Amino acid sequence: MFAAERRQLILEMVRANGAVSLRELARVVQTSEVTVRRDVRALEAEGLLDRRHGGAVLPGGLTRESGFPQKSHLSTAEKTAIADLAAGLVGEGEAIVVGAGTTTQELARRLARVPGLTVVTNSLLVAQALAHANRVEVVMTGGTLRGSNYALVGSGAEQSLQGLRVSRAFLSGSGLTAERGLSTSNMLSASVDRALVQAAAEVVVLADHTKLGSDTMFQTVPTELITRLVTDEPPAHDERAATELQALADQGVEITVAGQSAEPADGESGPGHRPRREMPLPGQRRTQPGGHGGPGGLGPQLRSAAALSEGPAERGRVADLRRR
């Protein structure tokens, strides 16, 4: 296929879907991701699309947001790995809030197996994933339905969260930077996400590597309020994502990374196996109460997901769902 033909097909795919990953583009045009990245760069120079880490989107800058059908086909393997790790943070009998998004929907599917769990959400898709989980109680916010991502937004949603207190909030967004934290392209969604954050003792952000280093219009969670980031391992060529991970770690965010191992552990095999691992980034860890970062113990708060299940102190923290 000639370059002009490839680029025309790439443009048609982006126009049809709103956003397409480099991996999917390379598969369809039957070439390498390196070649596709070069084509995308050329199309961006002509103003025909915008590059994003790991993909391409319709032009429009910070104000555009892909709809759910488009986002659901992006980074599916990465979202699955992230959801697997995040589910390990949730313990029996816990009360949590889960925001809207394709990654949080994947998380919800795994939470259906946690007994005694209470999930507060403004997402119809999260609620649907848990609808038949007999041992999970689902509490929906009020609000106005936003059809593009099947989420309840507006003053009704925000007011229903007032006085709520849970152990953790699980949120995703359109972009994540160390400078601004988590952000999204829609003002109403951002406002509800901020209300979800206010209800939680800890904030866990779920973001695949394509979101790292991207910044969008409306801030939802400033970096200093993010307790933990669960993400996938950036490709070797993605220097911006790796740099952003380092910057987030330096600011004290605990980072849990899903990596791909060439040698699966005993009893674990197959192409879909994505083991938990710790990313060894240099840097300085913020001091934590209880001896987690004293002198001589410096280093970023990067935790392997295997450590998430160590002892009741990590997973046994349960907050009752209650009204203040």
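Residues numbered from 1 in each chain as written. Predicted model: local features only at pLDDT ≥ 70, side-chain atom pairs only at ≥ 80, totals over all residues. Heavy atoms only, no water.

Give me the lowdown on helix H6 (residues 102-111), citing residues and values where you can.
In terms of burial, H6 is a largely internal element, nine of the 10 residues being buried. Among all positions of H6, only Thr102, Thr103, Thr104, Gln105, Glu106, Leu107, Ala108, Arg110 and Leu111 are buried. (Buried < 20%, exposed > 50% of the residue type's maximum accessible area, 1.4 Å probe, protein only. Helix = DSSP H or I, 4+ residues; strand = E, 2+ residues; numbered from the N terminus.)

Account for the side chain of aspartate 232, with residues named and values stated.
You can see aspartate 232 is positioned in strand E14 (residues 228-232). Since its relative accessible area comes to 1%, aspartate 232 is described here as buried. For aspartate 232, the side chain forms a polar contact with the side chain of histidine 209, separated by 2.6 Å. (Polar contact = N/O pair within 3.5 Å; in protein donor to acceptor, adjacent residues only side chain to side chain.)

Residues and numbers for the pattern of salt bridges, please.
A complete count under the given rule lists 12 salt bridges for this structure. Note that arginine 6 is salt-bridged to aspartate 39, the shortest N-O span being 2.7 Å. One end of the pair, arginine 6, is in helix H1 (residues 3-17); the other, aspartate 39, is in helix H3 (residues 33-45), with 33 residues separating them in the sequence. Note on aspartate 39: relative accessible area 0%, which makes it buried. Across the pair arginine 51 and glutamate 44 runs a salt bridge, and its minimum N-O distance is 2.6 Å. Classification of arginine 51 by relative accessible area gives partly exposed; the value is 36%. Several salt bridges share partner residues, and in doing so they unite Asp84, Glu106, Arg109 and Arg110 into one network. (Salt bridge = Lys/Arg side-chain N within 4 Å of Asp/Glu carboxyl O.)

Quick rundown of the packing of helix H5 (residues 76-87) against H6? Include the residues and the values.
For the pair H5 and H6, the least separation of the axes is 8 Å and the interaxial angle reads 50°. Comparing the axis directions of H5 and H6 gives the class oblique. Crossing angle aside, the handedness with which H5 passes H6 is right-handed. Between H5 and H6, the contacting residues are Lys79, Thr80, Ile82, Ala83, Asp84, Ala86 and Ala87 on the first element and Thr102, Thr103, Glu106, Leu107, Arg110 and Leu111 on the second. Looking at the contact of H5 with H6 residue by residue, the classes come out as six nonpolar, three polar and four charged. (Axes fitted to C-alpha atoms, helices over the stretch in contact; angles between N-to-C directions. Parallel < 35°, antiparallel > 145°, perpendicular 65-115°, else oblique. Left-handed = near helix turned anticlockwise from the far one by under 90°. Contact = heavy atoms within 4.5 Å. Nonpolar A, V, L, I, M, F, W, Y, C, P; charged D, E, K, R; others polar.)

Give a detailed account of the packing of helix H2 (residues 22-29) against H3, specifying residues and quantitative values.
The N-to-C vectors of H2 and H3 enclose an angle of 105°; their axes lie 9 Å apart at closest approach. Taken together, the axis directions place H2 and H3 in an arrangement best described as roughly perpendicular. Packed against H2, whose contacting residues are Leu22, Arg23, Leu25, Ala26 and Val29, the element H3 presents Glu33, Val36, Arg37 and Val40 at the interface.

Give a description of the nonpolar core that names residues and reports values.
The nonpolar side chains of a soluble globular protein tend to be buried, and buried together. Grouped together as the largest cluster of nonpolar side chains are 33 residues, with contacts concentrated most on Leu176, Val205, Leu229, Leu248 and Ile255. If you list the elements that add at least two residues to this core, you get strand E4 (95-98), strand E9 (164-171), helix H9 (187-198), strand E12 (200-206), helix H10 (239-250) and strand E15 (254-258). Contact partners of leucine 229, with chain neighbours within four places excluded, come to Leu176, Val205, Ala207, Leu212, Leu245, Leu248, Val253, Glu254, Ile255 and Thr256. In this structure, Leu89, Val90, Val119 and Phe170 belong to the second largest nonpolar core, which totals 25 residues. (Core = buried A, V, L, I, M, F, W, Y, C linked by side-chain atoms within 4.5 Å.)

Kindly report on the sheet that holds strand E13 (residues 218-221), identifying the contributing residues and their values.
Strand order in the open sheet made by the three strands is E10-E11-E13, with antiparallel pairing throughout. The open sheet has two edge strands, strand E10 (175-177) and E13, and neither has a second partner. Across the sheet, the mean angle separating the axes of adjacent strands is 35° when strand polarity is ignored. Contacts between H9 and the sheet are confined to strand E11 (181-184) and E13, with E13 contributing the most and set at about 20° to the helix. (Pairing = 2+ DSSP bridges.)

Any details on the side chain of serine 189? Residues and values, ideally.
Within the secondary structure layout, serine 189 lies in helix H9. On the accessibility criterion, serine 189 (8% relative accessible area) is buried. With near-sequence residues (within four places) excluded, serine 189 lies in contact with Arg146, Asn149, Val153 and Thr184.

Would you mind going over the environment of glutamate 202 in detail, with residue names and values included?
Position of glutamate 202 relative to the elements: it lies in strand E12. Sequence-wise, glutamate 202 and arginine 228 are 26 residues apart; in three dimensions their C-alpha atoms are separated by 8.2 Å.

Describe the environment of glutamate 106, naming the residues involved and giving the relevant values.
Relative to the helices and strands, glutamate 106 resides in helix H6. For glutamate 106, a relative accessible area of 17% translates into the label buried. A C-alpha to C-alpha distance of 9.4 Å links glutamate 106 and alanine 81, two positions 25 residues apart in sequence. Among the polar contacts made by the side chain of glutamate 106, one reaches the side chain of arginine 109 at a distance of 2.4 Å.

Could you give me a rundown of the sheet that holds strand E3 (residues 55-57), with the residues and numbers involved?
If you trace the three strands from one edge of the open sheet to the other, you get E1-E3-E2, paired in antiparallel fashion. Either end of the sheet is taken by a strand with one partner, and the two such strands are strand E1 (19-21) and strand E2 (50-52). Strand-to-strand, the axes of this sheet are offset by a mean angle of 25°, without reference to chain direction. Inspection of the sheet shows E2 paired to E3 by three bridges, in the antiparallel sense. Residue pairing in the sheet places arginine 51 in a bridge with alanine 56 of E3. In the packing of H2 onto the sheet, the strands contacted are E1 and E3, and the crossing angle to E1 comes to about 75°.

All quantities given are derived from atomic positions and should not be read as evidence of function.
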